[in-house]
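Residue-level structural notes
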Amino acid sequence: EVYSAAVSASSTSEATRTNWWPLIVSIIAAILAEGASWFYSDNHWTVMVLAILAIFTGGLSTYKKGWIALRNYNLNMNALMSIAVTGAMLIGHWPEAAMVMILFTLAEFIEAKSLDRARGAIHDLMNLAPDTITVQQPDGGWIDVSTTIATIGCLVRVKPGERIALDGMIVQGLSTVNQAPITGESLPVEKTEGDPVFAGSINESGSFTYRVTAIAAQSTLARIIRTVESAQGRRAPTQRFVDQFASIYTPIIFAVALTVAILPPLVLAEPWLNWIYKALVLLVIACPCALVISTPVSIVSGLAAAARHGILIKGGEFLELGSKLTWFALDKTGTITRGKPTQTDFEVWSNANPTNTQILAGSLAIHSDHPVSLAVAQAASNESLVLHEVNDFIAIPGRGVRGRINGKIYYLGNHRLVEELGLCLPDFEARLSTLEKQGKTVVMLTDTNNVLSLFAVADTIKSSSRSAIAELHALGIKTMMLTGDNRHTAAAIANQVGIDRSQGNQLPEDKMREIEQLDGIIGMVGDGINDAPALARADIGFAMGAAGTDTAIEIADVTLMDDDLRKLPTFVRLSRATSSVLKQNIALALGTKAIFLVLTFTGQATMWMAVFADMGATLLVVGNGLRLLRR
């Protein structure tokens with residue numbers, strides 16, 4: 001898919017180049033036809049020959065598309081132009097007929113180039129990843145091979161200044177890597193053993209060896225390109241409105257023009273040629289070129305600008321809807337916090353053996369990918385404890401895990417799980433409350449009868465979270481935190497970050513219900529499987545692209561490539577700018593039409609004025625839409 005997109009872009013560019021010469025010949029012929037009409041009459045054979053040359057070298061494709069449209073009873077722009085040009089020739093306005101066709105063709109050419117430029121911002125990503133890599137051979141040697149034959153698991157060497165060709169994990173060496181083309185991060189990132197690297201990013205200082213984790217077609221870069229290309233095919237509400245409007249508006253205009261051409265001569269005995277000319281002018285003025293092109297140029301430009309900032313949007317509808325967001329609901333772990341908590345407290349209950357409970361907890365925790373479990377597992381690893389084999393392991397969503405060790409069932413989970421097991425006691429509840437009010441997350445190890453020990457872990461807040469929340473508030477958007485942690489921890493973290501509301505003890509279905517109860521347009525931000533229902537239920541789901549699970553990224557409508565929450569206000573500002581540009585373009589296109597329609601009925605508009613007004617409006621909306629690329 002990715003490579004076919006590049007081929008498509010290349011072929012489009014080639015087609016554009018091959019259309020240059022016929023267009024140049026057409027323009028010259030049209031200008032000569034106009035010049036000849038000054039020395040002869042509009043119906044002189046010299047003028048007619050030059051006009052026909054101009055029309056058929058530059059406008060043959062318009063005639064072909066217009067004929068197909070008429071055969072299918074579809075009165076589109078090409079049909080209107082074909083009728084207008086043919087009518088102008090039949091009533092003897094040869095120079096104007098030639099110039100109408102040429103300027104219409106030129107406007108279409110400019111529109112195509114503009115869309116190519118907007119899409120080119122995405123297709124340029126194809127050039128970010130090199131075609132060859134330096135791969136280690138079985139004998140230990142290194143050779144350059146094509147990225148297309150690289151396999152997952154092979155070792156690749158990268159020198160200073162080289163672009164990284166494939167996604168991978170560093171196994172030896174350290175460096176600073178510029179990830180701006182992929183994640184939008186403005187500063188280079190320190191990378192060492194165990195850190196991921198992305199295709200398309202630039203190795204700046206050191207050299208390192210990494211193990212390939214994804215082939216070219218499945219890399220993060222390829223996913224970015226596929227996402228944005230797919231998004232271009234999903235129409236925004238304004239674009240759908242414009243298309244529907246044009247499909248109704250064009251036949252109505254054609255009917256009005258036909259009435260203008262026929263009714264006055266028949267009813268009032270007015271001159272036929274005079275009213276036919278006015279009808280043709282009306283067709284040219286009413287052509288909805290500027291209106292139709294105004295939305296795709298703006299949407300594609302907005303999608304491209306977002307991708308440059310490391311924000312992947314799956315459709316123009318979400319880009320436009322973002323301007324109306326009133327609430328952001330955010331997960332805590334991995335979204336507001338770093339998602340890498342460390343164990344801070346360990347206490348034994350029920351006279352259990354401390355070392356044994358650590359081993360049991362570590363044995364269960366190592367099978368879970370939840371950040372809290374990982375902290376418990378890491379603490380056990382730091383103690384160099386020998387862990388047990390776990391059978392019948394089960395993850396309990398929103399609660400914890402369960403497994404069988406040496407024939408006995410054990411649980412490692414949160415307060416909710418312990419309550420459901422009926423193992424909470426007053427003194428235990430008091431200790432739990434104290435730790436939770438400190439902003440710590442507590443998990444307990446239990447068997448089927450007693451709480452054996454508790455583990456408190458603390459996560460650090462991302463440096464970007466506070467500023468991101470402040471920016472959202474400045475934009476008039478309210479915030480809410482939804483977390484599976486207890487309400488005390490939720491309140492403590494929310495207070496530190498400045499979030500308006502918080503809800504703790506949230507299971508996946510609870511998060512979804514909270515989303516349903518909020519008013520307005522809701523954005524949900526999360527990174528885990530437990531966030532998936534809420535991401536799907538929200539008007540716009542935002543996934544953390546670096547730390548997020550594949551499920552969250554697949555379900556979400558927008559992906560933040562570097563997990564920086566400051567991209568949320570960036571998305572909102574870009575969305576509002578895109579919405580504003582769309583409204584400006586529609587107002588400009590329709591306003592220009594309205595003015596010249598009035599001039600037509602008052603007898604002051606000419607075909608020259610009509611075509612220049614149409615082309616001018618088209619150029620203005622295209623230029624206005626392309627401004628989004630510079631944001």
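Bear in mind that the values here come from a model prediction, so they are computed numbers and not experimental data.

Some remarks on the overall build of the chain
Scanning the chain for helices and strands turns up 23 helices and 22 strands. Per-residue burial for the chain yields a buried fraction of 53% across its 631 residues. Approximately 27,400 Å² of the chain is accessible, and the part contributed by carbon and sulfur atoms is 57%.

Observations regarding the sheet that holds strand 5 (residues 175-178)
Taken in spatial order, the 3 strands make up an open sheet running 6-5-8, and their pairing is antiparallel. Both edges of this open sheet fall to strand 6 (189-191) and strand 8 (202-203), since each of them pairs with a single strand only. Two elements, strand 5 and strand 6, share 3 bridges in a ladder whose sense is antiparallel. Looking at strand 6, one finds that Thr176 is bridged to Glu190.

Notes on helix 18 (residues 487-497)
Of all the positions in helix 18, only Thr489, Ala490, Ala492, Ile493, Ala494 and Val497 are classed as buried. Buried residues along helix 18 sit against helix 16 (426-437), strand 16 (441-446), helix 17 (463-474), strand 18 (478-482) and strand 19 (501-503). Immediately beyond the C-terminal end of helix 18, within one or two residues, lies Gly498, with a positive phi of roughly 95°.

Some remarks on the confidence of the model for the chain
In this model, the chain carries a mean pLDDT of 79, and residues with pLDDT of at least 70 account for 82%. Segment residues 1-18 is flagged for pLDDT under 50; beyond a separation of four residues in sequence, or across chains, it makes 16 contacts in the model.

Topic: the pattern of salt bridges
Using the criterion set out here, one finds 11 salt bridges in the structure. Between Glu471 and Arg573 there is a salt bridge whose closest N-O contact spans 3.1 Å. Of this pair, Glu471 sits in helix 17 while Arg573 is found in helix 22 (residues 567-601), placing the two residues 102 residues apart along the sequence. Across the pair Glu516 and Arg537 runs a salt bridge whose closest N-O atoms are separated by 3.3 Å. Of the two residues, Glu516 sits in helix 19 (residues 508-517) while Arg537 sits in helix 20 (residues 532-537), which places them 21 residues apart along the sequence. Taking the relative accessible area as the measure of exposure, Glu516 reaches 40% and is therefore partly exposed. Sharing partners across several salt bridges, the network here consists of Arg416, Asp510 and Arg513.

Re the environment of Ser37
Here Ser37 shows up in helix 2 (residues 20-39). Separated by 56 residues in the primary sequence, Ser37 and His93 have C-alpha atoms spaced 10.0 Å apart.

About the criteria used
Residues numbered from 1 in each chain as written. Predicted model: local features only at pLDDT ≥ 70, side-chain atom pairs only at ≥ 80, totals over all residues. Heavy atoms only, no water. Helix = DSSP H or I, 4+ residues; strand = E, 2+ residues; numbered from the N terminus. Buried < 20%, exposed > 50% of the residue type's maximum accessible area, 1.4 Å probe, protein only. Areas by Shrake-Rupley, 256 points an atom, 1.4 Å probe, with all protein chains shown as cover. Pairing = 2+ DSSP bridges. Contact = heavy atoms within 4.5 Å. pLDDT = per-residue confidence, 0-100. Salt bridge = Lys/Arg side-chain N within 4 Å of Asp/Glu carboxyl O.

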